[in-house]
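What follows is the residue order along each chain.
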Amino acid sequence: LTQFDVKAVPTAATLDETLQNIVDELEGVIVDDPSQVSDYVLQRHQTAPIGIPNTDFALFHSANPFVKRPYFGIFDLDRPFMILGMDRKPMMLNRILLMLAPDAMSPVENKLLGLISASIIESDLNMELYQKETKEVIYELISSLFVNEIREIEEE
């Protein structure tokens, strides 16, 4: 959560360029080689549609050797791109949810990223939060997911 952010980003001429610019900003603490990480993210996007139906956002994600630590961030575009939703229907993309992971993660890191991913489509309310809300509101949602998981682990 220390790296989590929701921020506006200038939109480049293409979605590929926009994603590259976003990942470039993560060089150092999160990624070693932004170009390689962007390639992985874009390959995943080109393999299967990732837009969440009935929203204006998509979850771009990748686990690869050029990511140093788990990361989740949200980026608001200043103009939309047309992409395909998971339902294979065209949609307008206004918000990018970006989840990055190193190839090798601890079971706890893996579980926590999985919780975030599952929470996005868990309910209409959550989809609404991830689509429109501020950093503070989404931070609270993710924090509560983590606290609930910690409580379950302690009860075992």
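Here, every reference points to the structure presented above.
Let me begin by describing the structure that accompanies this report. What you see is a predicted model, and the numbers here were worked out from it, not measured in a lab.

Calculation rules
- Residues numbered from 1 in each chain as written.
- Predicted model: local features only at pLDDT ≥ 70, side-chain atom pairs only at ≥ 80, totals over all residues.
- Heavy atoms only, no water.
- Pairing = 2+ DSSP bridges.
- Helix = DSSP H or I, 4+ residues; strand = E, 2+ residues; numbered from the N terminus.
- Axes fitted to C-alpha atoms, helices over the stretch in contact; angles between N-to-C directions.
- Contact = heavy atoms within 4.5 Å.
- Buried < 20%, exposed > 50% of the residue type's maximum accessible area, 1.4 Å probe, protein only.
- Phe/Tyr/Trp six-rings, centres within 6.5 Å; stacked < 30°, edge-to-face > 60°.
- Core = buried A, V, L, I, M, F, W, Y, C linked by side-chain atoms within 4.5 Å.
- Polar contact = N/O pair within 3.5 Å; in protein donor to acceptor, adjacent residues only side chain to side chain.
- Salt bridge = Lys/Arg side-chain N within 4 Å of Asp/Glu carboxyl O.

Moving on, we get to the sheet that holds strand β3 (residues 71–84). Ordered by their spatial adjacency, four strands build an open sheet running β1-β3-β4-β2, and the pairing between neighbours is mixed. Single-partner strands in this sheet number two, and they are β1 (6–9) and β2 (57–64). Each adjacent strand pair in this sheet contributes to an overall mean axis angle of 30 degrees, direction not counted. Relative to strand β4 (residues 90–102), helix α1 (residues 15–24) is tilted by about 35 degrees, and along the sheet it contacts β1, β2, β3 and β4. Its contacts with the sheet put helix α2 (residues 34–47) on β2, β3 and β4, and the angle it makes with β2 is roughly 125 degrees.

This brings us to helix α4 (residues 124–132). Residues of α4 that are buried: Asn-126, Met-127, Leu-129, Tyr-130 and Gln-131. The inward-facing, buried residues of α4 contact β2, β3, β4, α3 (107–120) and α5 (135–155).

The next thing to look at is the packing of aromatic side chains. All chains considered together, the criterion is met by three aromatic pairs. Measuring from ring centre to ring centre gives 5.8 Å for Phe-4 and Phe-72, while their planes differ by 10 degrees; the resulting arrangement is stacked. Of this pair, Phe-4 sits in the segment before β1 while Phe-72 is found in strand β3, placing the two residues 68 residues apart along the sequence. When its relative accessible area of 5% is taken as the criterion, Phe-72 is described as buried. Judged by centre distance (6.2 Å) and plane angle (80 degrees), the ring pair of Phe-72 and Tyr-130 falls under edge-to-face. Within this pair, whereas Phe-72 is found in strand β3, its partner Tyr-130 is found in helix α4, the two being separated by 58 residues in sequence. Counting every residue linked through ring pairs, the aromatic cluster contains Phe-4, Phe-72 and Tyr-130.

Formed by 25 residues in total, the largest nonpolar core has its most connected members in Leu-15, Val-31, Phe-60, Leu-93, Ile-96, Leu-98 and Leu-100. Sequence-distant contacts of Ile-96, that is, excluding residues within four places in its chain, are made with Leu-15, Leu-19, Ile-22, Ala-58, Phe-60, Gly-73, Ile-74, Phe-75 and Leu-77.

In this section: the side chain of Thr-18. In this fold, Thr-18 is placed in helix α1. At 2.9 Å, the side chain of Thr-18 and the backbone nitrogen of Ala-12 are in polar contact.

The next subject is the pattern of salt bridges. Enumeration over the complete set of coordinates arrives at four salt bridges. Note that Lys-68 and Asp-32 form a salt bridge whose closest N and O atoms lie 3.7 Å from each other. Of the two residues, Lys-68 sits in the loop between β2 and β3 while Asp-32 sits in the loop between α1 and α2, which places them 36 residues apart along the sequence. Residue classification places Asp-32 among the partly exposed positions, given a relative accessible area of 45%.

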